[in-house]
Each structure stands twice: as C-alpha cells, then as structure tokens.
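An overview of the molecular structure
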Amino acid sequence: QVQLVESGGGLVQAGGSLRLSCAASGRTFSSYTMGWFRQAPGKEREFIAAISWSGSSTYYADSVKGRFTISRDNAKNTVYLQMNSLKPEDTAVYYCAAQTPGRSWGRRDQYNSWGQGTQVTVSS
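About the criteria used
- Residues numbered from 1 in each chain as written.
- Predicted model: local features only at pLDDT ≥ 70, side-chain atom pairs only at ≥ 80, totals over all residues.
- Heavy atoms only, no water.
- Pairing = 2+ DSSP bridges.
- Helix = DSSP H or I, 4+ residues; strand = E, 2+ residues; numbered from the N terminus.
- Axes fitted to C-alpha atoms, helices over the stretch in contact; angles between N-to-C directions.
- Disulfide = S-S within 2.5 Å.
- Phe/Tyr/Trp six-rings, centres within 6.5 Å; stacked < 30°, edge-to-face > 60°.
- Lys NZ or Arg CZ within 6 Å of the ring centre and 35° of its normal.
- Salt bridge = Lys/Arg side-chain N within 4 Å of Asp/Glu carboxyl O.
- Buried < 20%, exposed > 50% of the residue type's maximum accessible area, 1.4 Å probe, protein only.

Turning our attention to the sheet that holds strand β8 (residues 78-83). A sheet is described by the order of its strands in space; here four strands give the open sequence β1-β3-β8-β7, paired in antiparallel fashion. Of all strands in the sheet, those with a lone pairing partner are β1 (4-7) and β7 (68-73), marking the two edges. In this sheet, neighbouring strand axes are inclined to one another by 15° on average, regardless of whether the strands run parallel or antiparallel.

Have a look at this one:
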C-alpha cells in the first residue's frame with residue numbers, strides 16, 4: 001500500500017481559492033488511480049474527483065465540476081486539488097485516497113489507502 005499525507009487546507013473566504021496537495025510514499029505511486037473525497041460534520045464522506053494513473057483521465061462530482069481541478073505529478077509522487085470559487089458548503093475535511101486500477105472511481109470502498117485529511121473552512 002501507499003502512504004498518503006495531505007496538506008494545504010485552511011480558512012478562506014467565499015469566492016477564494018486553495019490548492020491541496022497529497023504526497024505519497026512508495027515507488028508505485030504512478031500505478032495508482034488517485035481520488036479526493038471530503039466529509040462535512042454529520043455527513044458521509046463523499047467523492048469529489050479522481051485522476052487516472054497517467055493523468056490523462058479525470059472525473060468530478062457534479063457539485064465541484066468547473067470549480068475544482070485534480071492533477072498529479074508522478075515525478076513528485078504528488079496529487080493536487082485546485083479549488084476555486086469556494087463556497088461555504090465546501091467546508092469539510094478533505095481526504096486523498098489511492099486505488100489499484102480497474103475499480104470504480106466514485107466509490108469510497110474501492111480505495112485501498114487513505115490520508116489523514118486536511119481541514120478546509122470557507123467563511124461567508
């Protein structure tokens with residue numbers, strides 16, 4: 001399995017931007033599909049975005065499409081989530097996750113490894 005550490009969370013005003021990073025350990029990072037999820041208080045963890053091992057394919061939840069962008073740098077073993085036009089409802093703990101290829105991208109039970117999460121708070 002791969003170990004994941006998120007960073008980049010914080011407090012931002014509505015309409016602002018943040019970029020989250022997820023650093024992975026292990027030499028097999030480039031073989032994993034990577035995803036971002038979030039969990040708000042009292043709610044289930046929900047899928048946000050995913051990216052293929054090569055970076056050539058991406059997939060987004062409707063709630064963030066057009067505002068968030070997922071990318072990866074396999075040379076740096078890092079996946080990113082650029083978040084623009086943030087809204088108060090984006091407030092949550094954000095998690096990155098890794099899965100072996102061939103699984104469903106949008107289902108959290110299909111991911112093998114998880115980071116510890118980073119808090120994002122958007123004020124109105």
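Now, onward.
Glancing now at the state of the cysteines. Per the counting criterion, the structure on display carries one disulfide. Here C22 pairs with C96 through a disulfide, and the sulfurs are 1.9 Å apart. Measuring the twist about the S-S bond at about 45°, one finds the C22-C96 disulfide to be right-handed. Taken together, the positions of C22 in strand β3 (residues 18-24) and C96 in strand β9 (residues 92-99) put the pair 74 residues apart, joining distant regions of the chain.

On to the packing of aromatic side chains. The final tally for this structure, using the stated rule, is six aromatic pairs. Where F37 meets Y111, the ring centres are 5.0 Å apart and the plane angle is 85°; that geometry is what we call edge-to-face. Residue F37 is found in strand β4 (residues 33-39), and its partner Y111 is found in the loop between β9 and β10 (113-114); the two are separated by 74 residues along the sequence. By way of ring pairs, the aromatic residues F37, F47, Y59, Y95, Y111 and W114 are connected into one cluster. Across from the ring centre of Y95, 3.6 Å away, lies the NZ or CZ of R45, which sits over that ring.

What follows concerns the pattern of salt bridges. Evaluation of the coordinates by the stated rule reveals six salt bridges. K65 is the salt-bridge partner of D62, the closest N and O atoms lying 3.1 Å from each other. Classification of D62 by relative accessible area gives exposed; the value is 66%. Notably, a salt bridge pairs D90 with R67, separated by 2.8 Å at the nearest N-O pair. Of this pair, D90 sits in the loop between β8 and β9 while R67 sits in the loop between β6 (58-60) and β7, and the two are 23 residues apart along the sequence. Pair check on accessibility: D90 and R67 agree, each one buried. Here the salt bridges do not stand alone but share partners, grouping R38, E46, R67 and D90 into one network.

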